[in-house]
Amino acid sequence: MPSPASRSPPLLLLVPFLLLLLFSAASAWKKDEFRNCNQTPFCKRARGRKAHSVPSLSTADISISDGAVVARLLPSQPLRQATDGDDPESDTVPPRPLLLRISVYQGGVLRLHIDEDASAPRRRFQVPDVLLPDLDDRRLWLSRLSSPAAGSSSFYLAEGFEAVLVHDPFQIQVRRKGSGEPVLSFNSHGLFDFEQLRAKKNDDEDWEERFRGHTDTRPHGPQSISFDISFHGADFVYGIPEHASTSLALRPTSGPGVEFSEPYRLFNLDVFEYLDDSPFGLYGSIPFMLSHGARSSSGFFWLNAAEMQIDVLGPGWDDPAAPAKDRIDTVWMSEAGVVDAFFFVGHEPKDVLRQYTGITGTPAMPQEFAVAYHQCRWNYRDEEDVAAVDAGFDEHDIPYDVLWLDIEHTDGKRYFTWDRVLFPNPQEMQGKLAAKGRHMVTIVDPHIKRDDSFYIHKEASERGYYVKDASGKDFDGWCWPGSSSYLDVLNPEIREWWAEKFSFENYVGSTPSLYIWNDMNEPSVFNGPEISMPRDAIHFGDVEHRELHNAYGYYFHMATSNGLLKRGNGKDRPFVLSRAFFAGSQRYGAVWTGDNTADWDHLRASVPMILTLGLTGMTFSGADVGGFFGNPEPELLVRWYQLGAYYPFFRAHAHQDTKRREPWLFGERNTALIREAVHVRYSLLPYYYTLFREASVSGIPVMRPLWLEFPADKETYNNGEAFMVGPSLLVQGIYEERQKSVSVYLPAGQSWYNLRNGVSYAGGVSHKLEVSEDSIPTFQRAGTIIPRKDRFRRSSTQMVNDPYTLVIALNGSFAAEGELYVDDGKTYDFEQGAYIHRRFIFADLKLTSVNIHPANLGGKFPSDCVIERIVLLGLPSGAKKAVIEPGNREANVELGPLTLRGGSSPDAITVRKPNVHIADDWTLRIL
Amino acid sequence: MGACLRISLTISCLLLIWISASASIPSRESLGIAPQDLSYYKSDVIKCKDGSKKFTKEQLNDEFCDCPDGTDEPGTSACPQGKFYCPNVGHIPLTTFSSRVNDGICDCCDGSDEYNGNVSCPNTCWEAGKVAREKLQKKIATFQNGVTIRKQEVEKAKQAFAKDEAELSKLRSEEKILKELVQKLKEQKERIEKAEEEERKKREEEERRLKEAERKANESKNAPEESSHDITDQAPEKLSELHNQDAMEDHHDSAVEDKNDYTTGTEISDNQVANDHDDTIAKSGHEADGRSDGSSFSHVEKQHVVEAQDNAVSKANTDYPGTEEELSSHVAEQGQVSDSTEGLSREELGRLVASRWTRENAAEGNDEVNMAKEGLEHDEDIREENHDGYISDSDEDHKFEDDDLEDDQDAEFGEDHEEPTGAYSSDEDDKTDYSDLTVSGSSSWLDKIQQTVNNVLQAFNFFRRPVNISEAATVRKEYDDFSSELSKIQSRISRLNEKLKYDFGKDREFYSFYDRCFESKQNKYTYKVCPFKKASQVEGHSSTQLGHWDKFDESYRVMLFSNGDRCWNGPDRSLKVRLRCGLKNELVDIDEPSRCEYVAILSTPALCLEEKIKELQQKLEDMNTGQPSAHDEL
């Protein structure tokens, strides 16, 4: 029973000081605690440059080597001009050539690599283990360069696209073959700058940086890189999470008419009470940007884990008199590392996503339970509390699949241990949940309590597995347990060691139904600069923390996920939720948007944030339902459940100081509304699981911006209020208190069926709809088929054998299509073909189930599941019956309810009990 | 061989279970339907209960949901809003959600919810029912005994209430008489003072005259002689003593109420010391038999305690004068300036940042703010108790004076010896104080007083000069004594008034709770619940207020305490005490399900209601009648 009761003799004189702490804790985001661009020397320098002000580089010795284009980049002028007056550091750089290498991969991916030559005093860091290991196998072997014009070389990129290397000044352009229309360009504004490593010359030269009492020794001096990227034919750019924003498209951060703004910052930080709209960097970083316009979709990814700042320049930034149309210029700045950048071009935006996940990996296929509803709180206090919450869900017939335990379950924040008073029988507790098909998640963070009697710390310190500080000692920082050290997860050996800690033998009290949550892995260091690790801390291979900071959480997530994989002998799909992330994190589990707040604006911002994560590979993501900080009004909580039920990752969570908010604590009416919202998710689980399968194969996210499905509809390009779940379902959030009506834009080209009443709406129009408290507006796109399971259970586990419902929304030509993917929901047997994959096609009054499981794969997943109901929207009345082949069986057709809810009217044409097996081929004719 | 035998045994067991399970499954038409509902399903065409549709008998339990409200599928999982009835013969029938039907988990003890063969559920109703019946029987027994105790309690409460009312009316008449007497004494005293004053003036005049004469004489002769100084000085001295006492009380009040101005007493700035003092006082208070010396000692000492705590607060307040909001904004401003964390050690910084999430103090073990808050709290308490202008001698410390109370309590509530140690009387009203007035036999003491006063008044001879000093002192002493007794009576009256305005339940069954506290120890905390007063969480020397008495709720099944100490950025602490029937008044469980919102269970005979027994007996009867004879052998 935590209570801030007194324990020791007081120091009354400290009262004012402590009051000060108290009140400063009460105020929100601490802007001053974090660096802005002006306080960040590399950013300030780079941002101060004007177009073409950087001494240009020219390309020399261009050739093809090993199937790639290689060249040297030399300064056009022998010495830098002293024009960079404000920049004393850079005017003494000795000119050394940079090495350039351009390679091309299958599917239209261009990779640009620029690094210093071998004479550099130190090897610059290249982020390992992010790109897929088989990437090299997919490299295209370039064999020749052509010279379309003097001073440039071009080469093949993909069908319809080529790349052009402009020699002097150095520039790269990706363009359409034939028309020569540019798509992406690098350094077309001459902002490329590469601070080469150099020896510290004079003792008086101070390379150190200071920020709020923290000193960064910066032993290797300035080494930043910056350049400009232009997206041609773009109306908007998207991506580069994680920032809190109510806008889906990235707003310009500089240029005419742009109010003063910081650049978008990519620096993984634990930000207390973050704002709902800010370019400020949050918990994770993915340096991947997409552009979209009516004519073109493209993407750019910079594999670099150092602090990055990105400016999106408003039209006219370079020349206010002649603002560029159809082009968005961006400036990318990083503190360290090399240029290892990827250019993606596609005919439509989904191509760009496929290309990006083609190099960083597609999202892992989650276990089915993980796609269901999660119940979390900091903290479920003890075993009785866990049992009571579990029983509460049963008592109120609200399904849930996972109960979470936050840091208080441990013995003094020593992860892998249990508080023996509060949780004396953890295995029994998990067993009780597992008996109802439910799972548990416990938290394991990367900070290790510096306590010699703690076996993890003992081993880690004896083996030298901790990150070192600038002086070479184990880095000692403050986090939940107090004085803590941090595992050096950059080292594969340490990751292996860490993974072993998750075995049932090592993690005492764990059972096969227990999964893991990685929090604080930015890493969060309470007494570190910007609440994180000093940049001059040293990792494996003499890598500085500044060079890999943004990937630290990624490696930790990876190690934990591999631990669960090992634990299950490679058979059980891991589930690990992480707060920090980097490009490629999608291969290791889910993420969430961190410590949000229980207010309407945070509810609104959750949608652009999750959509952005989905666009950059992290499809398995969600926001804390209800808001982490603060107490939501019941109406906000209900609206959050109604929206959160459509997040790919659906979890309610709350700060320990908030009032309890299990779904049944707000009166019968609100309990019913939340139950309904959770039921909606459970009934759509077959659809979601099918979408997760699609994501794991193609990288196309589960939750999608409208323009991903309707790339030609300009109205959708910056819609961050509504979203698609897969290709078939449109969801509009309600973000205001007591909202009575909402304007919903339904994309053009299709009509739409309101899923509450079956009413059809025209596409390409904004509809003003009345809003009730019952639900948020959802629409099924005409021409699609959604598989559902309308029987409700305690958890997803009990739904395995339940029959399906198909909801068929017919388009103008009375046709529709949809898919269903089913496997065991748990193992990797699907990789050997143990799954069912069907396409349902409705045309000419005939529904056909087609097998799309590739025959050559073999394998089979047995299922006796049948379809118990088929609902047809948009079918003219007059249908009498249905005839099923094979067998020439008949089924009744009648009017039935669209959803099985009390009070819903029977106005949808329903095929009653066709009872066809989902595993079989069949046709069903409507007569 | 052995294995074979075991297997065949298992098979036959399973077979048995299967038979018994399948035997208990009703036909499709009645599956999952409660007996009282069977008639609804009799006709060939049946209406959905929500009126949305009709369905045929063939559609009943045909694994397809026709009525969204579940009318047509009481026995299957087809309708999400359906309800399934399991007869649970031998135990209590259960109506559960359709979502439990054939989900692979045994929910009904008769196994009737799992009939599709995926899982076999043994019939456990008889065993479970036996346990449940025994439990229910025990409960009934508790209620039956509880009802008896409750009746006694109600009777005692009735008497106690009558007694209190009688006492109140008696006190009122006594107050009236005493007031008159005090008035008389006051007049007498004033007259004496006046006489003394006159006498003094006269003497001064005389002295002046004498001195004048002497001076004159001295001018010729120089041998001055001391006059009888001793006598003349004594009276004024006494007077000033009295004044001093008044001043002290005044000062005391102002110290409490006007803490901003209070600046002395800095030497006792350590709360630990203050608390230790408290302890000493409690002990000494306890040991002291009478009230006179001991209590005045403790009175003064306690004053110091308050001052010390006060002082801490006033320090904070002098630094940041103004209301709490002003204070916070002030501090916030300061925070802007000194938000720079550069002056902090690395550990302090770590704690400071961690505290944003935990809302706890940044430094380990420094709960100073809380202590200061406690100071405030004490302060408030005192102010509250001061509302009748009388500083009560009763303090929390006296709560533990069990000896004292038992005399009291024994007389009024004879059964208190049986109470568990967790419950004890609170003794906030100064009954003990007052008892020395009442024990002597109430009818006669007023007479005696009147007698005494008259004697005093008569004994004093105004016409005797000089004023008889010992007689004047007697008048003064009598005046002081009686006015103090008057204020004690007034205080007692106001306390009784205070008490009697509470709602003590339908039968005043909670009357005895007024003077009681219930205690429960959980881990390092001791929880004290004092109905009609307050509830607190005590750890060592520090105490956190969980709430002040608010009211009964849910028709006397819940006691609410609200407006307790403030939580860090959270709500004010509050406590909800759920009452349930038990033979003893006992705080059995306390919990903090939500931050700073506490919940406790108090078992008490007061909740053992007679009407409930019938209900429970009916339930037991239902369970017994459902018992199948075949199961007796099991």
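Residue numbers restart at each chain and count upward from 1, following the sequence in its written direction. Lettering for chains starts from A, numbering for ligands starts from 1, and both go in the order in which the items are written. For this predicted model, a pLDDT threshold of at least 70 governs which residues receive local features, and a threshold of 80 or more governs which side-chain atom pairs are given and counted, while totals over whole chains, interfaces and linings are taken from all residues. To get the side-chain values, all heavy atoms of the structure are used, and hydrogens and water are removed first.

Enquirer: Which parts of the structure should I look at to understand the overall build of chain B?
Expert: Note on conventions: DSSP H or I runs of at least 4 residues are helices, E runs of at least 2 residues are strands, and numbering of each starts at the N terminus. Assigned secondary structure in chain B consists of 13 helices and 13 strands. Summary of the burial criterion: residues with accessible area below 20% of their type's maximum are buried, those above 50% are exposed, and those between are partly exposed, where the area comes from a 1.4 Å probe applied to protein chains only. Classification of the 634 residues of chain B by burial places 45% in the buried group. Two residues form a contact once any of their heavy atoms are found within 4.5 Å. Summarising the internal contacts of chain B: among those between residues at least 6 apart in sequence, 56% fall at separations of at least 24. With residues, only the protein chains shown are counted as cover, and all accessible areas are computed by Shrake-Rupley using a 1.4 Å probe. Accessible surface, chain B: about 33100 Å² in total, of which carbon and sulfur atoms supply 51%.

Enquirer: Looking at this structure, how should I read the state of the cysteines?
Expert: In a disulfide, the sulfur atoms of two cysteines are covalently bonded to one another. Residues and elements named next belong to chain B. A pair of cysteine sulfur atoms is labelled a disulfide when the two atoms are within 2.5 Å. Tallied over the entire structure, the rule returns eight disulfides over all chains. A sulfur-sulfur distance of 2.1 Å marks the disulfide that ties Cys65 to Cys79. An S-S torsion of about 105° defines the bridge between Cys65 and Cys79 as right-handed. Note that Cys65 is positioned in the loop between strand 2 (54-56) and strand 3 (83-86) and Cys79 in the loop between strand 2 and strand 3, a separation of 14 residues in sequence. The exposure classification of Cys65 matches that of Cys79, with both residues buried.

Enquirer: Please clarify how the packing of helix 12 (residues 634-644) of chain A against helix 13 (residues 667-683) of chain A should be interpreted in this entry.
Expert: Packed helices, taken two at a time, are described by their axes: the angle between them and the distance between them. Residue and element names in this part refer to chain A. Between N-to-C directions, angles span 0 to 180 degrees; the directions come from axes that are lines fitted to C-alpha atoms, helices contributing only their stretch in contact. The contact between helix 12 and helix 13 brings their axes to 8 Å, and the two run at 10°. Taken together, the axes of helix 12 and helix 13 are roughly parallel relative to one another. Along the contact surface, helix 12 presents Pro634, Leu637, Val638, Tyr641, Gln642 and Gly644, while helix 13 presents Asn670, Leu673, Ile674, Ala677, Val678 and Arg681. Throughout, the ten residues Ala, Val, Leu, Ile, Met, Phe, Trp, Tyr, Cys and Pro are labelled nonpolar, Asp, Glu, Lys and Arg are labelled charged, and all others, Gly among them, are labelled polar. Its residues assigned to classes, the contact of helix 12 with helix 13 shows eight nonpolar, three polar and one charged. Working rule for angles: under 35 degrees goes down as roughly parallel, over 145 as roughly antiparallel, 65 to 115 as roughly perpendicular, anything else as oblique.

Enquirer: When you look at the environment of A:Pro711 in this model, what are you seeing that I'm missing?
Expert: Residues and elements named next belong to chain A. Of note, Pro711 is situated in the loop between helix 15 (706-709) and strand 35 (722-725). Each C-alpha atom of the pair Pro711 and Pro349 lies 7.2 Å from the other, and the pair is 362 residues apart in sequence. Sequence-distant contacts of Pro711, defined by excluding residues within four places in its chain, comprise His292, Pro349 and Tyr717.

Enquirer: What is the right way to look at the packing of aromatic side chains in this model?
Expert: The geometry of an aromatic ring pair is captured by two quantities: the separation of the ring centres and the angle between the planes. Between the rings of Phe, Tyr and Trp (Trp by its six-membered ring), a pair exists once the centres lie within 6.5 Å; its type follows the angle of the planes, with under 30 degrees stacked, over 60 edge-to-face, and the other angles tilted. In the structure shown here, the tally under the stated rule is 83 aromatic pairs over all chains. Geometrically, the ring pair formed by A:Trp498 and A:Phe502 is edge-to-face, given 5.7 Å between the ring centres and 85° between the ring planes. Neither A:Trp498 nor A:Phe502 differs from the other in exposure class; each is buried. The ring of A:Phe211 has A:Arg35 lying over it, and the distance from NZ or CZ to the ring centre is 5.9 Å. The ring of B:Trp126 carries B:Arg133 above its face, with NZ or CZ at 4.0 Å from the centroid. In this scheme, the term charge over a ring applies when either NZ of a lysine or CZ of an arginine sits within 6 Å of the ring centre and within 35 degrees of the ring normal.

Enquirer: Help me understand the environment of A:Asn491, please; the structure alone is not making it clear to me.
Expert: Residues and elements named next belong to chain A. With respect to the secondary-structure elements, Asn491 resides in the loop between strand 26 (482-486) and helix 8 (492-500). By relative accessible area, which is 10% here, Asn491 ends up buried. In this structure, the C-alpha to C-alpha distance between Asn491 and Ile785, residues 294 residues apart in sequence, is 47 Å. Of note is the side chain of Asn491, whose polar atom sits 2.9 Å from the backbone nitrogen of Glu493. Two N or O atoms form a polar contact when they lie within 3.5 Å of each other; inside protein one atom must be a possible hydrogen donor and the other a possible acceptor, and for residues adjacent in sequence the pair counts only when both atoms belong to side chains.

Enquirer: Just to check I follow, could you spell out the sheet that holds strand 31 (residues 590-592) of chain A for this structure?
Expert: Sheets are built from strands paired through backbone hydrogen bonds, the pairs being either parallel or antiparallel. Residue and element names in this part refer to chain A. Strand order in the open sheet formed by eight strands is 32-31-30-27-23-22-21-33, with parallel pairing between adjacent strands. With partners counted over all chains shown, the strands left at the sheet margins are strand 32 (621-622) and strand 33 (650-652), one partner each. Only when DSSP finds a minimum of two bridges between them are two strands counted as paired. Sheet topology places strand 27 (residues 514-518) next to strand 30 (residues 576-578); three bridges connect them, and they run parallel. Pairing of Ile516 across the sheet is with Val576, part of strand 30. Sheet strands in contact with helix 6 (residues 426-434) are strand 22 (402-405), strand 23 (439-443) and strand 27, and its direction is about 140° off that of strand 23.

Enquirer: Explanation requested: the UniProt feature "domain: Glycosyl hydrolase family 31 C-terminal" (unreviewed entry) in chain A in the structure shown.
Expert: UniProt positions are given in the numbering used here, feature names are shortened, and annotations may be inferred rather than shown by experiment. Following the UniProt record, the feature "domain: Glycosyl hydrolase family 31 C-terminal" (unreviewed entry) maps to residues 699-786 of chain A here. Taken as a whole, residues 699-786 of chain A contains 5% helix and 39% strand, while its terminal C-alpha atoms sit 20 Å from one another.

Enquirer: Please explain the nonpolar core as it appears in this structure.
Expert: Burial of nonpolar side chains together is a common tendency in soluble globular proteins. For this analysis, a nonpolar core means a set of buried residues of the types Ala, Val, Leu, Ile, Met, Phe, Trp, Tyr and Cys, connected via side-chain atoms within 4.5 Å. Counting 189 residues, the largest nonpolar core has A:Trp498 and A:Phe575 as the members making the most contacts within it. With residues up to four places along the chain from it excluded, the contact list for A:Phe575 reads A:Phe369, A:Ala370, A:His374, A:Trp404, A:Val441, A:Tyr515, A:Ile516, A:Leu564, A:Ala590, A:Phe620 and A:Phe649. Counting 60 residues, the second largest nonpolar core, distinct from the first, contains B:Ala157, B:Phe161, B:Val453 and B:Val475.

Enquirer: What exactly am I supposed to notice about the confidence of the model for chain B here?
Expert: Detailed reading of the predicted coordinates is not advisable wherever pLDDT is low. Residue and element names in this part refer to chain B. When pLDDT is averaged across chain B, the result is 71; 59% of the residues are at 70 or more. Confidence of the prediction at every residue is given by pLDDT, a number between 0 and 100. Counting interchain partners and residues more than four positions distant, the pLDDT-below-50 stretch residues 427-441 has 33 contacts. Here residues 628-634 is modelled with pLDDT under 50, and outside its nearest four sequence neighbours on either side it reaches seven contacts, counting other chains as well. Scoring the predicted complex yields pTM 0.81 and, for the interface, ipTM 0.88.

Enquirer: I keep staring at the confidence of the model for chain A and nothing clicks. Help me out?
Expert: All names here are of chain A. Model confidence for chain A is summarised by a mean pLDDT of 92, while 94% of its residues fall at 70 or above. Predicted confidence is poor over residues 1-27, with pLDDT under 50, and the contacts of this stretch with residues over four places away or in other chains come to 79 contacts. Predicted confidence is poor over residues 79-91, with pLDDT under 50, and the contacts of this stretch with residues over four places away or in other chains come to 13 contacts.

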